[in-house]
Amino acid sequence: MTASAPDTAPEAAPERRNLTAGDRAVLVELPDLEHALGLHARLEALQAGESAIPGVGELMPAARTLLVRFDPARIGRAQLLERLDAVSAEPVERGTGSLVEIPVVYDGEDLAEMAAHLGVSVEELVRRHTGSAYTVAFAGFAPGFAYLVGGDPLLDVPRRPTPRTRIPAGSVALAGRFSGVYPRESPGGWQLIGTTPMPMWDVDRDPPAAMRPGDRVRFVESAAPVVETRPRHGRSSTSEGEAALALVIERAGLRTLLQDAGRPGLGPLGVAESGILDAPAMRLANRLVGGDPEQAVLEIPYGGLRARARGALVVAVTGARVPVTVHRGDAVLRIEDQRAVALDDGDRIELGAPLAGMRAVLAVRGGFDAPPVLGSLATDTLAGLGPEPIADGDVLAVRAPGIPSPAVGAPEPWPEHASEELTVPIDLGPRDDWFDQAAIRRLLEQPWTITAHADRVGLRLEGAEPLDRLRDGELPSEGAVSGSIQVPPSGQPMVFLADHPITGGYPIIGVVRHRALALLAQAAPGLRLRFELGEGATAPAPAGRTDRQELP
């Protein structure tokens, strides 16, 4: 599954308004980019001082919106909106950051076509692009991708009608009034005008992004041939062949990954939170082995893992209900619940195919010992951050547990997982007004089947009747959270999971409640999914009305 490409910005937005973006975020819509950046700058300054709004987390600016994440345990939505409304969104001076110069060879596939579209020569297009002083407005789409604004007004071009499936790293591109550089190979729909050898993202650099919001940017024409750009996105080895304590992977299964609580707070750099999909299963597994609740675990979709203990280890398997067997010499021990299991040196543990659910979680006492990337061992499959997927023969080093040894948690029965149909609570918004009431009711009343195109980025759904839009055209890029139900032009929705793109341009009709995300982690292709309004959510209007009502 791939993410949608960066998006362009059409018509101006209405005056400032607050939109629901799930139960842990608010999307503040502003008239334009300048007001969105103004609100972002003032909120950042407010949060750095003594008058900070409690519970406010990551702030994600975009083309004409600001996504504000918050902790509902620390501040209620109504109180948050009251505080946000008191913060001015008047534009502030921009482009006061560092100057970044980017060398470009103007050899892009679309260069001549775009020059003809604009009615100028190729030389004139290049002159206008290099003669513009750009500003980094916001990040999104991928780590290191910066949306650049302030270029020559003539350079306003449409996206490609059909996105490319592969755009090389270092491609310099235009879309709408934005300019940008693709930091890694990815799909995309922007018009390619050149290439640069300058890495946009390198985890060994501080900061890792070449451009940050507020920086000034100039493109400099270069005649030198561009070598292949290989930005370091943070793929690191998980093998430590000489470790005294280790889990030796004899059979890795399908896309087994190291995961932890993720990388919260890095959205402005284009980095998604990522992390474990079934957080309760991670916390339980670590509690069972007596470890930190959020230390790294193995996330094992579809089972199939077999591993051997090097040294004495304590492990636990939770999440999807899988057959778990321990081979100790000629003896075979079958584990019937979620519990801590002691492994002697040479013992093997094996996980069969799930009997219920989809993703098992394996924790080990002491925790896995691997080099973190941006403070986390989470593997972000979309951004290419974190350790590589686990492979046959990998040796996963394990840290020695503290002395005295931590207590082992009490066993728990396997959880119940839906086998045919799963119902999850949602909030409507932020873009439910892009759909008529018939479409909203169809969302809530019609079952949706999870297709085979399901991974850590999201679940593609298929229903008997698509969700028709009221509006045509594109939505300017705006922040999105896990659980967002995004509706592309086909009308068949997709539910974002942990590795989703942090911004997107398809309207989001609703967002799954945070507590239900773990249920989606265990939802396998073929399962029917139903959406229902969460407690206290806004209900669709009765037939014949266009407003919405608060549920009692």
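Calculation notes
Residues numbered from 1 in each chain as written. Predicted model: local features only at pLDDT ≥ 70, side-chain atom pairs only at ≥ 80, totals over all residues. Heavy atoms only, no water. Helix = DSSP H or I, 4+ residues; strand = E, 2+ residues; numbered from the N terminus. Rg over C-alpha atoms; globule rule 2.2 N^0.38 Å. Buried < 20%, exposed > 50% of the residue type's maximum accessible area, 1.4 Å probe, protein only. Contact = heavy atoms within 4.5 Å. Areas by Shrake-Rupley, 256 points an atom, 1.4 Å probe, with all protein chains shown as cover. Lys, Arg positive; Asp, Glu negative; His and termini not counted. Charge placed at Lys NZ, Arg CZ, Asp CG, Glu CD. Pairing = 2+ DSSP bridges. Axes fitted to C-alpha atoms, helices over the stretch in contact; angles between N-to-C directions. Parallel < 35°, antiparallel > 145°, perpendicular 65-115°, else oblique. Core = buried A, V, L, I, M, F, W, Y, C linked by side-chain atoms within 4.5 Å. Polar contact = N/O pair within 3.5 Å; in protein donor to acceptor, adjacent residues only side chain to side chain. Salt bridge = Lys/Arg side-chain N within 4 Å of Asp/Glu carboxyl O. Arc of directions from axis to C-beta.

What to know about the overall build of the protein chain
Inference 1: Of the regular secondary structure elements, the protein chain holds 7 helices and 37 strands.
Inference 2: Relative to its length of 552 residues, the protein chain is compact, with a C-alpha radius of gyration of 25 Å against a globular reference of 24 Å.
Inference 3: Principal-axis analysis of the C-alpha atoms gives the protein chain an extent of 80 × 65 × 50 Å.
Inference 4: The 552 residues of the protein chain split such that 55% are buried.
Inference 5: Sequence-distant contacts in the protein chain: of pairs separated by 6 or more residues, those separated by 24 or more amount to 75%.
Inference 6: As presented, the protein chain carries roughly 22,300 Å² of accessible surface, and 50% of it is formed by carbon and sulfur atoms.
Inference 7: For the protein chain, the distance from the average site of its 54 positive side-chain charges to the average site of its 73 negative ones is 1 Å.

A word on the sheet that holds strand E27 (residues 421-428)
Inference 1: Read around the closed barrel, 7 strands run E27-E34-E31-E32-E29-E28-E35, paired in mixed fashion. The sheet shows a mean angle of 40 degrees between the axes of neighbouring strands, taken without regard to direction.
Inference 2: As defined by bridge partners, strand E31 (residues 484-486) adjoins strand E34 (residues 508-512) across 3 bridges and the pair is classed as antiparallel. Counterpart to Ser484 in the pairing with E34 is Val511.

A closer look at the packing of helix H3 (residues 111-118) against helix H4 (residues 122-130)
Inference 1: The geometry of H3 relative to H4 is characterised by a closest axis approach of 8 Å and an angle of 90 degrees between their N-to-C directions. One finds that H3 runs roughly perpendicular with respect to H4. Residues Leu111, Ala112, Met114, Ala115 and Leu118 of H3 form the contact with H4, whose participating residues are Val122, Leu125 and Val126.

Topic: the nonpolar core
Inference 1: Among the nonpolar cores identified, the biggest contains 33 residues, and Leu443, Val512, Leu520 and Phe531 are the most heavily contacted of them.
Inference 2: When residues of this core are traced back to their parent elements, those giving at least two are E27, helix H6 (437-445), strand E28 (448-454), strand E29 (458-462), E34, helix H7 (517-521) and strand E35 (528-533).
Inference 3: Among residues more than four places away in sequence, those in contact with Leu443 are Ile426, Leu428, Trp448, Leu467, Ile485, Ile509 and Phe531.

With respect to H6
Inference 1: Turning to H6, its buried residues number three or more, namely Gln437, Ala439, Ile440, Arg442, Leu443 and Leu444.
Inference 2: Packing partners of the buried residues in H6 comprise E27, E28, E31, E34 and E35.
Inference 3: Residue Asp436 occupies the N-cap position of H6, its side-chain oxygen lying 3.2 Å from the main-chain nitrogen of Ala438.

Digging into the pattern of salt bridges
Inference 1: For the structure shown, the criterion picks out 28 salt bridges.
Inference 2: Arg164 is the partner of Asp110 in a salt bridge, and the nearest nitrogen-oxygen pair spans 2.8 Å. Placement of Asp110 in the loop between strand E5 (99-104) and H3 and of Arg164 in strand E8 (residues 164-167) is noted, with a sequence separation of 54 residues between them. The same class applies to Asp110 as to Arg164, namely buried.
Inference 3: A salt bridge links Glu250 to Arg348, with the shortest nitrogen-to-oxygen separation between them at 2.9 Å. On the criterion of sequence distance, the pair formed by Glu250 in strand E15 (residues 246-251) and Arg348 in strand E23 (residues 348-351) is long-range, its members being 98 residues apart.
Inference 4: Residues participating in the shared-partner salt-bridge network are Arg17, Glu29, Arg64, Arg431, Asp433, Arg471 and Glu478.

Examining unusual backbone geometry
Inference 1: The peptide bond linking Asp206 to Pro207 adopts the cis configuration, its omega dihedral lying at -5 degrees.
Inference 2: In this fold, Pro207 is placed in the loop between strand E12 (191-195) and strand E13 (216-221).
Inference 3: The step from Gly429 to Pro430 runs through a cis peptide bond, and the omega angle for that step is 10 degrees.
Inference 4: Mapped onto the fold, Pro430 is located in the loop between E27 and H6.
Inference 5: Positive phi, close to 55 degrees, is recorded for Ser274, a residue that is not glycine.
Inference 6: Relative to the helices and strands, Ser274 is located in the loop between strand E16 (257-259) and helix H5 (279-288).

Some thoughts on the sheet that holds strand E2 (residues 25-29)
Inference 1: Taken in spatial order, the 4 strands make up an open sheet running E1-E2-E4-E3, and their pairing is antiparallel. Of all strands in the sheet, those with a lone pairing partner are strand E1 (17-20) and strand E3 (56-61), marking the two edges. On average, each strand axis in the sheet is tilted by 25 degrees relative to the strand beside it, whichever way the strands run.
Inference 2: Pairing geometry for E3 and strand E4 (residues 65-70), over 4 bridges, is antiparallel. If you follow Met60 over to E4, its bridge partner there is Leu67.
Inference 3: Taken strand by strand, helix H1 (residues 33-47) contacts E2, E3 and E4, and its axis lies near 155 degrees from that of E3.
Inference 4: Strand contacts of helix H2 (residues 77-85): E1, E2, E3 and E4, with the helix running at about 30 degrees to E2, the strand carrying the most contacts.

Some remarks on the environment of Val341
Inference 1: Position of Val341 relative to the elements: it lies in strand E22 (residues 340-343).
Inference 2: Taking relative accessible area as the criterion, Val341 reaches 7% and is therefore assigned buried.
Inference 3: For the pair formed by Val341 and Gly265, sequence separation is 76 residues and the distance between their alpha carbons is 35 Å.
Inference 4: The residues contacting Val341, other than those within four sequence positions of it, are Leu313, Val314, Val315, Val326 and Ile335.

So, H3
Inference 1: For H3, the complete set of buried residues consists of Leu111, Met114, Ala115 and Leu118. One side of H3 carries all its buried residues, which in axial view fall inside an arc of 105 degrees. Turned more than 90 degrees from where H3 packs its buried face, Ala112 and Ala116 sit exposed.
Inference 2: For H3, the elements touching its buried residues are H4 and E12.
Inference 3: Just past H3, the residue Gly119 takes up positive phi, approximately 75 degrees.

Concerning the side chain of Ser171
Inference 1: Secondary-structure assignment places Ser171 in strand E9 (residues 171-175).
Inference 2: Here the side chain of Ser171 touches Pro168 through a polar contact of 2.8 Å, landing on its backbone oxygen.
Inference 3: Not counting residues within four places of it along the chain, the set of residues in contact with Ser171 comprises Gly180, Val181, Tyr182, Leu192, Gly194 and Thr195.

Worth remembering: the numbers are spatial, not functional.
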